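# Geometric and topological summary
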Amino acid sequence: MRLSVRRLSRTMAMSLAAGLLSFFPLSIHAVTVHGTVTDPLGAVIPDAVVALVHNGQVVQTTKTRADGSFELVSPLSGRFYVLAGGHSFRQMSTKSFYGNRLDDVKQDVTLEPAFVHQQVIVTATGTPTPQAQVSAPVSAINASQFENRASIADALRQMPGVTVVQSGERGAVTSLFIHGGNSDANRVILDGVPIEDIGGQFDYSSLGTTGIAHAEVYRGPDSVLYGADAAAGVVAFTTPQGSTSFPSLLYRGDAGNFGTYRNEVQLGGMRNAMDYYGAFSDLQTQNSIPADEYHRITSVANLGFNLSANTELRAIVHQIDRATDLPGTYSFFGQSNDGKESDQDTFFSGAIHHSFSTNWVGNVRYGLVRKREQAVQYYPAGEFVNDYLGGDYYGHVETIRGANGYSATGRAIMNYSVANFGVYPNQIDNVNNRDNLMADTTYTVNPGLVLTGGFRFEDERGSEYSQAYFLNQKVERGNYDYNAQLRGQVANRLFYAASGTVEKNDLYGTVGAPRVGLAYYLVKPGAGKFQGTQVSFNFAKGYQEPTLSQQEGSLYDFLSKNGGQSTIQQLGIQPIGAELSRTYDGAVEQNLFGEHVLLRVDYFHNEFGNQIEGVPAQYIPQLLPNLTTAQQTQLEAVLNAESAYELDLNSESFRAQGLDAEMNWGVNSNLYIRAGYTYTDAVVQKSFSSDATSPSTNPNIPGVAIGDFGPLVGARPFRRPPHTGFTTVTYHRGPWASVLTAAYASRSDDSTFLGYSDVNGGNTLLLPNRDLDHGYVKVDLGGTYQLNRRLEVYTQMDNLLSDQHIAPIGYTSLPFNLRTGLRIALGHEPKD
């Protein structure tokens, strides 16, 4: 919501500045703004045009000196920003800042190439850094690339090295895998605050695009800066700030097929020392199958206040309330299950930013997360069938077809009867609360040496409660860590970063992680066809804490309490602990055709060790050698009755290596193309559950070993396709603008998870894991037409090919769907 300042010719700009200065003669009561204009590598840009903007008006202009420095002086006070541009560079602006009379404000500007977009990145170093100076694999997108979308998940498909898995239609559980890591191995950051559940789980369907200005994905462990759960990567979102000198109101309203509608209102602006932004949206849809409605309400507020030019206070809150039906694996049953999930999430960030001097800054941030979830099953959906247990509820007779050519026909169990420990209605309540206190400081000795140190304290509290299943589990952890980093550059050609952290976790004790990165430009970017060659290398370690259920479901604790000490010693079972990761990656980046094209190819090698996996309930009794066969059967029944379908231990390890390729092509000022491809070779190296027990088999598919609950040793981890890719084409000309996106994925390994689930308690509904999930192509198209400066019409069409295999096997994918609506902008500019 930034007010656009038209480019001014040098003559007009200087004339305006001279007029203003003659009307407001300068005195000692003036704000001074100074800084340096540099290119993406940090080289100074002399003779760049720099303007100071106040309330949407250019009040002073100048040109940078030979060393790239500038100084602008104004007798005005209030909100400003600096606008800068140069030959072969895009015009860039700083964030708005407050300046009072007598204030001395530093505002450096990094210009981007005119055609290839390289943004300022935060996740790689913890401080804003031009992307060209970062060695780590990180990608970013802005709101302009997803503003018509209802969910942020589809926007994240346009990132290399990322696999988005949505288990159903709109509102279904949505997970994200980075470079072959587990979906819960990513730290999710909103305005500097971690918002994932304890242990890393996060459902991306809860996030719309309302109140999201920018998204970054860091591919690789980043526990040094972000602590536990950043074992595979970091996904970071930021909230917009008010940036117009007047109250600016924006309304969007649209409707579409499948009973879908969305309304969104945003209000933002600046006044004196304060900036403000607020947003509200309401999305509702019925989806395409029965009993699959989804409703999400999002409220956002962002308030900033400057005590002085050097001290800023900021408070940001996101409130998300949503409700979704739980139809389950509709394709397996031929009907929907009867369940509902409700969530109430509150995320708050309160921060103080202070500049002690031009080269020393500090931040203190308090983060609050309150997540409530209620999942209820109202009645046992399905048809009652006399089975091997005396009678349970089953779906229709269905044929399950895998992408690998195997199929199975039969009825799958949907719900257990009351006689077999089923309880209806039943509800499970989950709570994940977190309070964070974070502080960091950065001191710039010179461009060659920048020092950063930080401290973080985290109080985590979680619970799981169900009266029906006698669950009442509670966990509290108090964790803290220290981190330090040094980074810098040599001759605007070599860029380095080295950092480390030590964390004390309440559950598993002390753990540390290092990270180093180097980037070197063999040839600096320039006007030639092949100018701009960078090579980079990164090494990092990461760690991840267990979830609440993993801690409470520890196999070690269970065996210790039930006479299984001999099994513990024989199999080397340890108390539940941290999951570990390690990565090496190297990349080559090449600018082409005068920085019109940027190509990057990364090789990554990740090792994920000490991973937590579940041992199925039916195998637990076998690990207690003192039990008779009758006692083992009884124990299995008790575990199932108490929803202890599996117990957990750190026993799995797997490796993921491969290649990322990404292209950015600025064809001209109207057309921009991004494309990416990732090859992932992932393999399970060790697994207790499959080493200690025999793999499952389907009697109708003899000789084929099947992993029912998890992948077998030597196989690929589930739901990580070896080939993924994306294409984004952005076009704008005059009143027209459009974004065409496509996401691709090859077949991937998975399971039907239907072991012991046919009417005879057998495995006839299991299918071989290899290539079980279908590949897909998801094509979306969004377009807008601006009727006038206040009114715009837009349409968003998703899944143009109506691909039915985007979701994993058993789940339905939303077919072709569209929404169309109006965008209305209200507000007035102050009169000259």
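Along each chain, residues carry numbers from 1 onward, in the same order as the chain's sequence is written. Residue-level local features of this predicted model are given only where pLDDT is at least 70; pairs of side-chain atoms are given and counted only at 80 or more, and the full residue set underlies all totals for whole chains, interfaces and linings. Water and hydrogen atoms were dropped before computing side-chain values, which therefore reflect all heavy atoms in the structure.

This part takes up the overall build of the chain. A helix here means a DSSP run of H or I that spans at least four residues, while a strand means a run of E at least two residues long, and both kinds are numbered starting from the N terminus. A tally of regular secondary structure across the chain gives 9 helices and 47 strands. The classification of residues rests on relative accessible area computed with a 1.4 Å probe and restricted to protein chains. Under 20% of the type maximum is buried, over 50% is exposed, and intermediate values are partly exposed. Counting all 832 residues of the chain, 57% fall into the buried class. Note on contacts: a residue pair qualifies if any of its non-hydrogen atoms lie within 4.5 Å across the two residues. Sequence-distant contacts, at least 24 apart, represent 66% of the contacts inside the chain between residues at least 6 apart. Averaging the locations of the 59 positively and 79 negatively charged side chains of the chain gives two centres separated by 10 Å. Neither His nor the chain termini are counted; the positive set is Lys and Arg, and the negative set is Asp and Glu. Positions of charges follow a simple convention, taking NZ of Lys, CZ of Arg, CG of Asp or CD of Glu.

The antiparallel open sheet is built from 3 strands, whose spatial order is β26-β27-β30. Looking at strand neighbours, the two that pair on one side only are β26 (383-385) and β30 (413-415), the edges of this open sheet. Averaged over all adjacent pairs, the angle separating strand axes in this sheet is 55 degrees, with direction ignored. Note: two strands are recorded as paired if DSSP finds a minimum of 2 bridges between them. Across 3 bridges, β26 lies against strand β27 (residues 392-394) in antiparallel orientation. In the sheet register, Glu383 faces β27, and the bridge partner there is Tyr394. Note on geometry: axes are C-alpha line fits, over the in-contact stretch for helices, and angles between N-to-C directions span 0 to 180 degrees.

A few words now on the pattern of salt bridges. We count a salt bridge whenever a side-chain nitrogen from Lys or Arg sits within 4 Å of a carboxyl oxygen from Asp or Glu. Evaluated as defined, the whole model comprises 44 salt bridges. Between Arg716 and Asp771 there is a salt bridge, and its shortest N-O distance comes to 2.6 Å. Note that Arg716 is positioned in the loop between β42 (701-706) and β43 (723-733) and Asp771 in the loop between β44 (736-745) and β45 (776-786), a separation of 55 residues in sequence. Classification of Arg716 by relative accessible area gives buried; the value is 10%.

This brings us to the environment of His596. The topology assignment puts His596 in the loop between β37 (579-592) and β38 (597-616). Owing to a relative accessible area of 23%, His596 belongs among the partly exposed residues under this scheme. For the pair His596 and Gln427, spaced 169 residues apart in sequence, the C-alpha separation works out to 56 Å. Sequence-distant contacts of His596, defined by excluding residues within four places in its chain, comprise Phe115, Val116, Asn664, Trp665, Gly666 and Val667.

This next bit is on the confidence of the model for the chain. Residue-level confidence of the predictor is what pLDDT reports, using numbers from 0 through 100. Summarising the model, the chain shows a mean pLDDT of 90, and 94% of its residues fall at 70 or more. Scored below 50 in pLDDT, residues 1-27 shows 46 contacts in the model against residues more than four places distant or in partner chains.

Checked against the element boundaries, Arg252 lands in strand β19 (residues 248-256). Residues Arg252 and Asp429 lie 177 residues apart in sequence; the distance between their C-alpha atoms is 34 Å. Ignoring sequence-local partners within four residues, the contact set of Arg252 consists of Glu147, Arg262, Asn263, Glu264, Gln266, Tyr794, Leu822 and Arg823. The term polar contact refers here to a pair of N or O atoms within 3.5 Å; inside protein, the definition further demands a hydrogen-donor-capable atom paired with an acceptor-capable atom, and it admits residues adjacent in sequence only when both atoms are side-chain atoms. Separated by 3.2 Å, the side chains of Arg252 and Glu147 make a polar contact.

Here a cavity denotes grid points, spaced 1 Å and computed from the protein atoms alone, that fit a 1.4 Å probe unable to get out, and a pocket denotes an open set having protein on both sides within 12 Å along at least 5 of 7 lines; residues with an atom within 4 Å of a point are the lining. Grid points are joined across faces, edges and corners, and a volume is the space filled by probe spheres set on the points. Scanning the entire structure with this criterion turns up 12 cavities of 30 Å³ or more. Looking at the largest cavity, its volume works out to about 320 Å³. Secondary structure elements with two or more residues in the lining of the largest cavity: α2 (153-156) and β22 (294-308). For this classification, the nonpolar set comprises Ala, Val, Leu, Ile, Met, Phe, Trp, Tyr, Cys and Pro, the charged set comprises Asp, Glu, Lys and Arg, and every other residue, Gly included, is treated as polar. Each residue belonging to the lining of the largest cavity can be placed in one class, and the counts come to 6 nonpolar, 9 polar and 8 charged. One number sums up the size of the second largest cavity: a volume of about 120 Å³. Forming the walls of the second largest cavity are 15 residues, and the residues nearest its centre are Val165, Ser748, Asp773, Tyr776 and Ile806.

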